[in-house]
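Descriptive structure summary
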Amino acid sequence: MVDTGMSFREAVQNKSFPTRWKEITVSPGSSVSTFRDVKFPASAGGYAYCDSGGVEATARNRFIYWRVNHDILELVEESLDFDLHGNALRFRFQDSPVLSGVAAFELRGEVVILVSTLSSVHRLIFPHPNRLQKQVSIFADASGAVLRDPANSHAINSNTSAPYHIHTASSILTNEGEALFAMATNTGSILLVKLPPHGIQGIVSQRELKQSSMMQRLWTGLMPAAIRGGQASSDMTLSLCIHTVGADICISAVCRDHKLRMWSCKNEDCLLAEDLLEYMPDQLDPQKAVLGAKGHIIRKSVDSTTVYLGVYLSFIDRCQFCVFEPVLFDGRYQLSHLTTIFGPCEDLVDFSVTSSQVWTLWTNRESETVVRYSSLGNESVNLSGWQQVFLQPPESSVVDVPMHREPRETYSDIIFYPGRFTTHTILKALNVYRRSLDPTLHSDIYLQALKGEVTAAIENEIQNAASEYEVAEDVYYQLQLQQWSRFYSCCLQYHEVGTKPLGLLADGVTGMVCLVKKSQLSFLRPCELLEHLYLSPSEYCVLEELAEPQLISEDAHRCQSEDAHRCQDVLTLLCCMKTLRDELTPDLAFAFDQDLFHLASPDAIAQQIIDAMIPDFGQGKEGSSSFADIELELQVIKDIPKAVSRLLEMLDLAQGHPERLVMEDVGLDAFHQMNCSHLFASSIGVGILSASLRQVMSTRLQVARDLLLLQTLMLRMGEQAGLHLDTANMIRSDLLPLTCTMVRAYYVMQWASETVVSVVQVSTVDSNLRQFDALNISEASGIIRPNKPVSQQDMTLVEMFLQEAGGAQARTLLAKNNFLDEDPCALWNAALGPAVTITGQIIWPISVNFMFAEFLMSKCQYLQLQQYIRLLQHWCEWNTSSRKFLLGQCYLNCNESQKALDNFLQAVHGVGNEDFLFSKLLQTDETQLKKLESLYFMKVIKLFEQFSLPDMVIAMATTAISLADEEDHNIPVLWSKIFKHHLELGHNEEAYAAMISNPDLVRRKDSLRQFLVVLCDRCQLQSLVEFPFIDLQDDVVNIMESRARSVDLTTHNYYDLLYTFHVFRGNFRKAATVMYEYGIRLSQEVTGLKSLQKQAKCYLACLNGLRLVEPMYAWIVKPVPVVKATFAVEAPGMSPKRTADGEERETEGSRKMEVIELEEIEKEYMLIHARLKLLQRDPDQAHMAGPTLSASETAGLLVSAGLLDNAVSLCKAFRMSLVVVFEGLTLRCITLSNQTSQYGDGDYMTDAWDWLTENDMGTVNMGKDVSPADQAWRLLQIYLDRYEEGGSRYHKCVAMKLLGHGFSLPNWFIMSYKVANPAELLRLYIDYDLLEEAALLSLDYIDAVMGKGGEYFGLKTSLIYSSPSVWLPYTSLDQLLGALRDVEVESTYAQLYEELVDKLEQYHRQVEKVTQDMIHAESKRSARAARQGMT
């Protein structure tokens, strides 16, 4: 073990979670039940692996420790590098107490632990760590089978029930694998039990060694001492150890007669008997030597092949330690005395000897634990060789509750502070406090849940203690204080029991020293130089220590050349500071820390404290002598400024070069990378590093504080302290401000090492990851990214930092500085201190390094990071802008967006000169400051967008635009951001202004599209239409047309908006075009009544728009879909666009232009209007569904519905015949007439009147008793009179319909038809076999032609020679005569035949006469013309 010459300090790991024990019960094989009443004091020990200092070894920093308490043996394996699984075993040896002297050995890939009990010995075999994975403990697969193997255990005195007699034991494992157990009895004999090697059959031997003379020994195997019994012998062995000396195995025993006897296990001889009183300096009389309470103890230490024996001689009035080395000289065994160290008059608990040191564990008269160590020198007697070990101070039993806090908050913070009380301790205290045992609470309960249980239990007690339901505030406060104090007292009691020390473990290879307690394991670490000088009494501080190279300094070697006077000045200055520290009351020290937390100036605080202390010094009180001592000591210092400056240099972790503490990527070779990757990386290792750093930072804060107070005091004393004016000015202007900076820096370090982390949920980590993604920060950037939620609440910020990024960086720097180059390496002494220092340098705020703040941000410790930045903001000039940026992120995550905005805006000033903002956040090669600021703003805007804070985005983007250059390519993006978020907030005017201001035409058009869509969705159409859209009107129209044609008409309506937009600007023809397109799409895509109504409105709006323009422009272009052109390629290789002659090919499906005028639109409107009329008459779904009907189909439906006027209008508009109208009306007339004749008045009349009233009946009053049939015939008559123009087409269709249904023609119809076309009527009569009507009509017709009644047939002339020619339908008459001739058998037809023949003959004669008259008249006219020609 390397002796550093420094003091040691206890470091307690921050571990409040319980150990998971694997319980194994062992039956020793003895039936002696009286052993259960035997009580031995609890003890502990440990074993460090042989290659624990090997840099590449699997067992590096790995060790085993154990506790023995009556019949329970607890074995725990720990590693400072890896968290071991299944590392705790608890053996219960039924009714057989376990003896001290448990030993562990390594042999051939196995770890063997030898255990002795009062009734048995046991060999426990486990696999060596080299055979396991590094995270697996050797105890992971242990089971009861380890002890049930008979070859690995042996029962002592199995055939007797004698009382207990064995009181101590020791064991060893030989190189051959034999297990030897040496056990001392109260009769002076030693039982020696040997187990054969594991896996080899052999006989277990049990022998007894007895001293009978100086050179003999008695071997008694038949009558052991256990059977003989008897009183304790004067040469009874008090303590023994078994070890190797050369090739022999020996037992060294310290006996009651103060002699050290050595037995050979091989030759069974007593090799020597050394009187230890000879090593007493005053030759104590053996007859008067009285043993102390503990008795003599012997311990061994094996260093390679050398064995050291450490003997503790305890007498009632003195004690001492003698260290021997057994040697073989001239064939005789001798003890070579190495050193003697006198111990204090205290109770020794345990001690351990290494090759270079003696470690002791004591209990003083106040029952306080004390640990001391001494180095083994070459002197035979060392009178003052003890070095100080500073143990963890006991927890205070008094808790001061500040006035501004409740007792619950204060006590809860203290009780549940990480590492203060274990979960097991709090659970025990809770059960005692409740006076009941809760079976649902286990040691693996979460700390937060346990905190809730404790709070609930105390609140319940407070309610029970309250006499009334409602109590005054001060009464409730006192009840709280009383109950919480009571519970805290319970915790303290169990904590004191659990922290009782039981033994020591010292590793001579690595230098690690552990203090094994009842329920805790602590470590003793070497102090750093400044810590040693400050904590140790002045007599322990020497010039040589101050002149040694420091681990914390990069320029350490310059200390060796310093003048001895300067070193003495520093020591004197430290002495003054210690004196001042002793005079500082706890209240003043607490007030100092509190004022620092509230950002008070350190020099102002120091001034107040000195003002409070000086009156006490000056009033003749106890402190005045201390004041005088300080004054005298200061006068001794030759150069106060240099001494103060040197002390400040020692305090400065950056050594005056903060820029050098940059955390760059360190390229390590594979060897160093592998060796350092897990150094001190386990939970225990990280806990020790964290606790050590907390202690070092706290001590350094006290040094800085006391130095500040001392300088303030010196300035107050002035010349009384030997302070000249120049010195005072130097202190006031240079040293005092630097000291204030150190105080603040170390206070921040202490705060970080003591502040507890917050539990972080998975959702918070996910949100943090999204923020990193929004900032485009990847792992390649070097920034620390969140990886997992924080689930443990019982750790500090520094401990969490060391578990992850900080620990990895510290280990890398440790390997880089060649601390691990030696193999084996004293890892504890050589690497722990530098690791603590390097960690402190990483966290040191006065440097360019920003890693710690990054880490807090990545772990979502927002409240803690706010406090950290608050403590730095007024004085630390490093990373100011980076801290502002992280503070903005904290505020952002805490829903304080305005504060976040302010900090983000302030952080922009550091984007060009701070590494975090430039290299990790922006990640750009750009160097121009304006562009860097622009990139920074873009990042922050994305962050605000991640949190959906449009108002903050607008403010940030506006600022960015005001600071950016005009040619910056990010300006269009910023304007787009402003537009987007103004629009999101409903600020339409501002959004429009931002859109117009955007210099990028593409982005402006995209913004315009979004602007139109959003305002349409919000139904803010009037506002949209009224915007001027300067230079954007065509784009507006194109966008809205595109949107109108691409969206569903049932959910969005952009056509109305387009129509309004055009009308608002007086472009009526475009408005008409929009409405026409809307109407067409409605007819094709939407069905139902509303669709038809909307179509009608569209066409009306279209018509209205076209009528408002000049007639020559009253047309529109019909929208025709664009079909992709296709070309008919005749053969491969030919042009798809041109023929072989070079002529352009005609394309199929190309765009067509179709111009539609007002008349065509009116027709389409009439079709829609007709469908609406149909639906009004008959709301049948069939009328709503389907595409637009043709004009003929619509007319037919109108006629069927009785809407004859509409049908007529439609037919006239589309220039269609009215035949369908007249046929339909005729059919209705027939139907009504038939119904009237058959049923009289009925329900059919209602429907008849309904459709009749829908048509224009004229102004003729037909009386009150007119039937629907009469009215229908009247309507038919009106229609014939109204619409029969220059022909008889409609009369014919009516006649055919009537005759086809066997209905006689009405007289009015016959009269009308005779006027219109009597010949056609005659043909119809003949076609329908109405011979009588045809004959009568022929007779009347012939008379009319001959001049009798011609007006009834519409004849304007008759058969006379002076009138135009008239004619008769001879063909029809011939057909009629033929038909009458065929039916001449009937008299009526025969008579008609005769009359018709006679009438025709009469007509023929008249025709001949007229013909002769015409010939004669023509002859006269010709003769007259001839005469006139001759003349």
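Bringing the overall build of the chain into the picture now. Along the chain, the regular secondary structure elements total 48 helices and 32 strands. In the chain, buried positions account for 52% of the 1431 residues. If you sum the accessible surface of the chain, you get close to 65900 Å²; carbon and sulfur atoms cover 50% of it.

Another aspect to go through is a negative patch on the surface. On the surface, a cluster of negative charge is made up of Glu1384, Glu1394, Glu1395, Asp1398 and Glu1401. Tracing the chain through its elements places Asp1398 in helix 48 (residues 1387–1430).

Attention now goes to the side chain of Glu346. Assignment of secondary structure puts Glu346 in the loop between strand 23 (332–342) and strand 24 (347–353). For Glu346, the side chain forms a polar contact with the side chain of Arg372, separated by 2.9 Å. In this structure, Glu346 is in contact with Tyr312, Trp362, Thr363, Asn364, Val370 and Arg372, ignoring residues within four places of it in sequence.

What follows is about helix 16 (residues 725–754). Look at helix 16: 41 Å from first C-alpha to last across 30 residues, which is about the 44 Å you get at 1.5 Å a residue. At Ile731, helix 16 shows its largest kink, close to 40 degrees.

Moving on: the packing of aromatic side chains. Inspection of the entire model under this criterion finds 47 aromatic pairs. Their ring planes at 35 degrees and their centres at 6.3 Å tell us that Phe91 and Phe93 sit as a pair that is tilted. The residues Phe91 and Phe93 share a single accessibility class, namely buried. Here Phe801 and Phe855 contribute two aromatic rings whose centre-to-centre distance is 5.2 Å and whose plane-to-plane angle is 70 degrees, an arrangement assigned as edge-to-face. Of this pair, Phe801 sits in helix 18 (residues 797–803) while Phe855 is found in helix 21 (residues 851–858), placing the two residues 54 residues apart along the sequence. Among the aromatic residues, ring-to-ring pairing joins Phe850, Phe885, Phe904, Phe916, Tyr936, Phe937 and Phe944 into one connected group. Sitting above the plane of the Phe597 ring, Arg870 keeps its charged end 4.6 Å from the centroid.

Here the structure, examined in full by the defined rule, presents 38 salt bridges. Across the pair Glu896 and Lys899 runs a salt bridge whose closest N-O atoms are separated by 2.9 Å. We note a salt bridge from Glu1418 to Arg1421, for which the minimum N-O separation is 2.1 Å. In this pair, Glu1418 and Arg1421 are both assigned in helix 48, 3 residues apart and thus about one turn of the helix distant. When its relative accessible area of 39% is taken as the criterion, Glu1418 is described as partly exposed. If you follow the salt bridges from partner to partner, you end up with Glu23, Arg67, Glu74 and Arg90 in one network.

Turning next to the nonpolar core. Ranked by size, the top nonpolar core spans 221 residues in total, and within it Phe885, Tyr936, Phe944, Phe1011 and Phe1029 carry the most contacts. Among the elements that make up this core, the one with the highest residue count is helix 15 (residues 683–717) (18 residues). The contact partners of Tyr936, leaving out residues within four places of it in the chain, are Phe885, Phe904, Ala907, Val908, Val911, Leu917, Leu921 and Leu922. Judged by nonpolar contacts, the second largest core, of 74 residues, contains Ile1230, Ala1272, Tyr1325 and Leu1392.

Let's shift gears to a nonpolar patch on the surface. Nonpolar side chains collect at one region of the surface, where Val471, Val475 and Tyr476 lie side by side and expose about 210 Å² of accessible area between them. Looking at the element boundaries, Val471 is found in the loop between helix 5 (447–465) and helix 6 (473–498).

The 5 strands lie next to each other as 2-6-5-4-3, forming an open sheet whose pairing is mixed. Bordering the open sheet on either side are strand 2 (22–26) and strand 3 (43–48), each of which pairs with just one other strand. If you compare each strand with its neighbour and ignore which way they point, the axes differ by 20 degrees on average. Looking at chain direction, strand 4 (residues 62–69) and strand 5 (residues 72–79) are connected through 8 bridges and run antiparallel. Opposite Arg67, over in strand 5, you have Glu74 as the bridge partner.

Judged by how many residues are buried, strand 30 (residues 521–526) sits mostly within the fold: 6 of 6 residues are covered. Here strand 30 shows no split at all, with Leu521, Phe523 and Arg525 on one side and Ser522, Leu524 and Pro526 on the other all buried. With 5 bridges connecting them, strand 1 (residues 8–12) and strand 30 associate as antiparallel partners. Note on strand 30: the bridge partner recorded for Glu10 is Leu524. Pairing between strand 29 (residues 513–517) and strand 30: 4 bridges, direction antiparallel.

Note on placement: Tyr1165 falls in helix 36 (residues 1158–1177). Through-space distance from the C-alpha of Tyr1165 to that of Cys1098 is 8.8 Å; in sequence the pair is 67 residues apart. Ignoring any residue separated from it by four or fewer positions in sequence, one finds Tyr1165 in contact with Ala1096, Tyr1099, Leu1100 and Leu1103.

All right, on to the environment of Ser79 then. Its location among the elements puts Ser79 in strand 5. On the basis of relative accessibility, which here comes to 3%, the residue Ser79 falls in the buried class. Put simply, Ser79 and Gly685 are 606 residues apart on the chain and 7.6 Å apart in space, counted from C-alpha to C-alpha. When near neighbours in sequence (up to four residues on either side) are disregarded, Ser79 contacts Arg60, Asn61, Arg62, Leu84, Ser682 and Ile684.

An α-helical segment advances 3.6 residues per turn. Residues three or four places apart therefore align on the same side. Look at helix 46 (residues 1331–1345): 20 Å from first C-alpha to last across 15 residues, which is about the 21 Å you get at 1.5 Å a residue. Burial analysis of helix 46 places 11 of its 15 residues in the buried class, the great majority of the element. Those residues of helix 46 that sit buried are Leu1331, Ala1334, Ala1335, Leu1337, Ser1338, Leu1339, Tyr1341, Ile1342, Asp1343, Ala1344 and Val1345. Buried residues belonging to helix 46 abut helix 44 (1307–1316), helix 45 (1318–1327), helix 47 (1370–1382) and helix 48. Just downstream of helix 46, Gly1347 is the residue with a positive phi angle, here 105 degrees.

A few words now on the sheet that holds strand 21 (residues 306–314). Hydrogen bonds between backbone groups are what pair the strands of a sheet, and the pairing can be parallel or antiparallel. The 4 strands lie next to each other as 20-21-22-23, forming an open sheet whose pairing is antiparallel. Looking at the sheet topology across the chains shown, the edges are occupied by strand 20 (297–303) and strand 23. Strand-to-strand twist across the sheet, computed as the mean angle between neighbouring axes with direction ignored, equals 25 degrees. The pairing of strand 20 with strand 21 spans 7 bridges and is antiparallel. Residue pairing across strands places Asp303 opposite Thr306, the latter belonging to strand 21.

Under the defined criterion, the tally for this structure stands at 0 disulfides. This cysteine, Cys345, is not joined by any disulfide, and Cys319 carries the nearest cysteine sulfur, 6.2 Å off. On the accessibility criterion, Cys345 (55% relative accessible area) is exposed.

This part covers unusual backbone geometry. As a rule of thumb, non-glycine residues mostly have phi less than zero, and peptide bonds are mostly trans rather than cis. Despite not being glycine, Glu268 has its phi angle at roughly 60 degrees, a positive value. The class of Glu268 is partly exposed, set by a relative accessible area of 23%.

Attention now goes to empty space enclosed by the protein. Unoccupied space between atoms shows up once a probe the size of one water molecule is rolled over them. This model, assessed by the stated rule, comprises 8 cavities of 30 Å³ or more. Within this model, the largest cavity holds a volume of roughly 80 Å³. If you trace the largest cavity, you find 15 residues lining it, with Pro845, Asn849, Phe850, Tyr868 and Asn879 closest to the centre. Taken together, the elements giving at least two residues each to the lining of the largest cavity come down to helix 20 (827–843), helix 21 and helix 22 (862–872). At 3 residues, helix 21 tops the list of elements feeding residues into the lining of the largest cavity. Class assignment for the residues of the lining of the largest cavity results in 11 nonpolar, 3 polar and 1 charged.

At their nearest, the axes of helix 47 and helix 48 sit 9 Å apart, and the two run at 145 degrees to each other. Crossing hand, helix 47 versus helix 48: left-handed. Here Tyr1370, Leu1373, Leu1376, Leu1377, Leu1380 and Arg1381 of helix 47 lie close against helix 48, whose contacting residues are Tyr1389, Leu1392, Tyr1393, Leu1396, Val1397, Leu1400, Tyr1403 and His1404.

The N-to-C vectors of helix 23 (residues 880–893) and helix 26 (residues 929–946) enclose an angle of 15 degrees; their axes lie 11 Å apart at closest approach. One finds that helix 23 runs roughly parallel with respect to helix 26. You can see that helix 23 and helix 26 cross each other, and the crossing is right-handed. The segment helix 23 lies against helix 26, with Phe885, Gln889 and Leu892 engaging Tyr936, Val940, Leu943 and Phe944. Partitioning the contact of helix 23 with helix 26 into residue classes produces 6 nonpolar, 1 polar and no charged.

Conventions and cut-offs
- Residues numbered from 1 in each chain as written.
- Predicted model: local features only at pLDDT ≥ 70, side-chain atom pairs only at ≥ 80, totals over all residues.
- Heavy atoms only, no water.
- Helix = DSSP H or I, 4+ residues; strand = E, 2+ residues; numbered from the N terminus.
- Buried < 20%, exposed > 50% of the residue type's maximum accessible area, 1.4 Å probe, protein only.
- Areas by Shrake-Rupley, 256 points an atom, 1.4 Å probe, with all protein chains shown as cover.
- Patch = residues over 30% accessible without salt bridge, like charges linked within 9 Å, V, L, I, M, F, W, Y side chains within 5 Å.
- Salt bridge = Lys/Arg side-chain N within 4 Å of Asp/Glu carboxyl O.
- Lys, Arg positive; Asp, Glu negative; His and termini not counted.
- Charge placed at Lys NZ, Arg CZ, Asp CG, Glu CD.
- Polar contact = N/O pair within 3.5 Å; in protein donor to acceptor, adjacent residues only side chain to side chain.
- Contact = heavy atoms within 4.5 Å.
- Expected span 1.5 Å × (residues − 1).
- Bend = angle between axes of the 7 residues up to and from the residue.
- Phe/Tyr/Trp six-rings, centres within 6.5 Å; stacked < 30°, edge-to-face > 60°.
- Lys NZ or Arg CZ within 6 Å of the ring centre and 35° of its normal.
- Core = buried A, V, L, I, M, F, W, Y, C linked by side-chain atoms within 4.5 Å.
- Pairing = 2+ DSSP bridges.
- Axes fitted to C-alpha atoms, helices over the stretch in contact; angles between N-to-C directions.
- Disulfide = S-S within 2.5 Å.
- 1 Å grid on protein atoms, 1.4 Å probe; cavity = no way out; pocket = protein on both sides within 12 Å on 5 of 7 lines; lining within 4 Å.
- Points joined across faces, edges and corners; volume = space filled by probe spheres on them.
- Nonpolar A, V, L, I, M, F, W, Y, C, P; charged D, E, K, R; others polar.
- Left-handed = near helix turned anticlockwise from the far one by under 90°.
- Parallel < 35°, antiparallel > 145°, perpendicular 65-115°, else oblique.

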